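# Structural description and commentary
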Amino acid sequence: MTTTKRIAINTGGGDAPGLNAVIRAATLAALDRGWEVFGIGKGYGGFLDTDKIQRLDQDTVRGIAHLGGTILGTTNKGDPFHYPVPGGGVVDRSDEVVASFHRLGLDALIAIGGDGSMGIAQRFVDKGMPIVGVPKTIDNDLSGTVVTFGFDTAVTVATEAIDRLHSTAEAHERVFVVEVMGRYAGWIALYSGVAGSADVVLLPEIPFDFEAVARKVMHREANGRRFSLVVVAEGARLQDGQLVTLGDERQGSELRLGGIGEVVAKEITARTGKESRTVVLGHLQRGGGPTARDRLIALRFGAAAVRAIEAGKSGVMVALDPPEVKAIPLSEAVDRMKLVPRDGDVVATARDLGMCLGDRWD
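Criteria and cut-off values
Residues numbered from 1 in each chain as written. Predicted model: local features only at pLDDT ≥ 70, side-chain atom pairs only at ≥ 80, totals over all residues. Heavy atoms only, no water. Helix = DSSP H or I, 4+ residues; strand = E, 2+ residues; numbered from the N terminus. Rg over C-alpha atoms; globule rule 2.2 N^0.38 Å. Buried < 20%, exposed > 50% of the residue type's maximum accessible area, 1.4 Å probe, protein only. Contact = heavy atoms within 4.5 Å. Areas by Shrake-Rupley, 256 points an atom, 1.4 Å probe, with all protein chains shown as cover. Lys, Arg positive; Asp, Glu negative; His and termini not counted. Charge placed at Lys NZ, Arg CZ, Asp CG, Glu CD. Pairing = 2+ DSSP bridges. Axes fitted to C-alpha atoms, helices over the stretch in contact; angles between N-to-C directions. Core = buried A, V, L, I, M, F, W, Y, C linked by side-chain atoms within 4.5 Å. Left-handed = near helix turned anticlockwise from the far one by under 90°. Nonpolar A, V, L, I, M, F, W, Y, C, P; charged D, E, K, R; others polar. Phe/Tyr/Trp six-rings, centres within 6.5 Å; stacked < 30°, edge-to-face > 60°. Lys NZ or Arg CZ within 6 Å of the ring centre and 35° of its normal. Right-handed = clockwise from strand over helix to strand, strands pointing away. Salt bridge = Lys/Arg side-chain N within 4 Å of Asp/Glu carboxyl O.

Each helix and strand in the protein was counted, giving 11 helices and 15 strands. The C-alpha radius of gyration computed for the protein amounts to 22 Å, which stays within 12% of the reference 21 Å derived for 362 residues, consistent with globular compactness. Among the 362 residues that make up the protein, the fraction classed as buried is 53%. Of the contacts made within the protein by residues no fewer than 6 positions apart, 73% connect residues no fewer than 24 positions apart. When the accessible surface of the protein is totalled, it reaches about 15,200 Å², and 48% of it is carbon and sulfur. Of note, the protein has its 41 positive side-chain charges centred 2 Å away from the centre of its 46 negative side-chain charges.

Structural data, given as structure tokens:
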């Protein structure tokens, strides 16, 4: 006979298509076992402000699997170990979170988030909180899982944008530079660039040379292809390792990346004389409903998280290891960032298709 439990669910960091599907699956799986389920609003904020806690039931999660966003809300500024205070500075409020968790009589927390959220979850596990993580990030940069939910949707949106830009680029004989998300990992740029038949793809993992990009554009020009499509990850680095950021703006504890697309477009114009335009996809990649693939992965992750709790597991993250979803140690997920391998099959495919990856063009 299954022991009655009280579990909680929270969502942290940037939103990603599929969050609501995880919440629905985890809630229904827990209710099916006779458990009570609570949604913690605004990341860990609900533990510090209990007005942000809600009871989850069948009605709460009905019809939400296809919706974007998260019914629980999220935040990039909710690290209880470095909690911002009015007037500047941060304080450690983690002990308050642990106390609130126990005061609510909870048995476990399902923490849905990316690398930052999983790192916070690991620290709370070290403080004795039973936690099962669910990997969420459009960047696909979490180790231990083949893919994270949200990634397929982001790639699909980016690919559709590249497809649409082909016709206008050709009609006006322009270069279009498409800037996509991904921070320090180039998965979105690479996959959408290859799928969308881009001519140049610039990744954080392969520092690029403006001259190589210009040579690719002019090679196309010489062969009667008077337009080019360039896809650049927001964290793409110049050969000296330099990143382009929005001044000193920060997103949580990290510098806010952005502007690389405009820099690349201006350099292409200066070196080739070609009119260049920039399209920054930004939050379009993470907004809206999930693709069928992301929805299915998210539903599987949510149900698997409940099974992990039922099995008495803590300090783990559910992960896709095709064809199964398994539980791996949280430490394995946050130990290192999953970057695009420079010698991987998709990079090799891009080169075989004649794409310039910025490090050379000959």
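Within the open sheet, the 4 strands sit side by side as E9-E10-E8-E13. Their pairing is parallel. The open sheet has two edge strands with one neighbour each: strand E9 (200-202) and strand E13 (276-280). Pairwise comparison of adjacent strand axes, ignoring direction, gives a mean angle of 15° for this sheet. Pairing geometry for strand E8 (residues 175-180) and strand E10 (residues 228-233), over 6 bridges, is parallel. From the neighbouring strand, Val178 faces E10, where its bridge partner is Val231. Each of E8, E10 and E13 touches helix H5 (residues 151-172); the most contacted strand, E8, lies at about 170° to it. Sheet strands touched by helix H6 (residues 187-195): E8, E9 and E10. Its angle to E10, the strand with the most contacts, is close to 160°.

Before going further, it helps to spend a moment on the nonpolar core. The biggest cluster of nonpolar side chains holds 70 residues, and the ones touching the most others in it are Ile9, Ile110, Ile112, Val134 and Phe149. Dropping the residues within four chain positions of it, Val134 is found in contact with Val22, Ile110, Ala111, Ile112, Gly113, Met118, Phe149, Phe301, Ala305, Met317 and Val318. Counting residues in each nonpolar core, the second largest holds 25 residues, with Leu109, Ala111, Ile131 and Leu142 among its members.

So, on to the packing of helix H1 (residues 19-32) against helix H9 (residues 292-310). Where H1 contacts H9, the axes come no closer than 7 Å and their chain directions differ by 35°. Relative to H9, the crossing made by H1 is right-handed. Counting all contacts with H1, which are made through Ala21, Val22, Ala25, Ala26, Ala29 and Ala30, the residues of H9 involved are Arg295, Ala298, Leu299, Gly302, Ala303 and Val306. Looking at side-chain class alone, the contact of H1 with H9 contains 10 nonpolar, 1 polar and 1 charged residues.

Per the stated rule, a full pass over the model turns up 7 aromatic pairs. For the pair Phe47 and Phe101, a centre-to-centre distance of 6.3 Å together with 55° between the ring planes defines the contact as tilted. Here Phe47, found in helix H2 (residues 45-48), pairs with Phe101, found in helix H3 (residues 94-103); they are 54 residues apart in sequence, far enough to count as distant. Overall, Phe47 belongs to the buried group, its relative accessible area being 2%. Among the aromatic residues, ring-to-ring pairing joins Tyr44, Phe47, Phe81, Phe101 and Phe124 into one connected group. In this arrangement the basic side chain of Arg93 is found over the ring face of Tyr83, its NZ or CZ atom lying 5.0 Å from the centre. Cation over ring: Arg123 sits above Phe81, and NZ or CZ is 4.0 Å from the ring centre.

Quick look at the pairing of E10 now. Most of E10 is tucked away: 6 of the 6 residues are buried. Taking every second residue as pointing to the same face, both faces of E10 are buried, with Ser228, Val230 and Val232 on one and Leu229, Val231 and Ala233 on the other. Alignment of E9 against E10, held across 3 bridges, turns out to be parallel. Considered in E10, the bridge of Leu202 is made with Val232. After leaving E9, the chain enters helix H7 (residues 210-222) and then returns to the sheet as E10, a path that is right-handed.

A word on the sheet that holds strand E2 (residues 36-40). Pairing in this open sheet of 7 strands is mixed, and the strands run E3-E2-E1-E6-E7-E14-E15 from one edge to the other. Strands with a single pairing partner mark the edges of an open sheet, and in this sheet they are strand E3 (53-56) and strand E15 (324-329). If you compare each strand with its neighbour and ignore which way they point, the axes differ by 30° on average. Taken together, the 5 bridges between strand E1 (residues 6-11) and E2 define a ladder with parallel strand orientation. Counterpart to Ile7 in the pairing with E2 is Val37. Docked against the sheet, H1 engages E1, E2, E3, strand E6 (108-113) and strand E7 (131-135), running at close to 180° with respect to E1.

With respect to the helices and strands, Ala214 occurs in helix H7. Along the sequence, Ala214 and Arg271 sit 57 residues apart, while their C-alpha atoms lie 6.3 Å from each other. Those residues in contact with Ala214 that sit more than four places away from it in its chain are Arg271 and Thr272.

Going through the model one piece at a time under the given rule, you end up with 19 salt bridges. A salt bridge links Glu275 to Arg174; its shortest N-O distance comes to 3.2 Å. Residue Glu275 is found in the loop between helix H8 (260-272) and E13, and its partner Arg174 is found in the loop between H5 and E8; the two are separated by 101 residues along the sequence. For Arg277, the salt bridge identified is with Glu275, shortest N-O distance 2.6 Å. The partly exposed category is assigned to Arg277, whose relative accessible area is 36%. Looking at Glu275, the relative accessible area reads 36%, which means it is partly exposed. Connected via shared salt-bridge partners are Arg6, Glu36 and Arg55.

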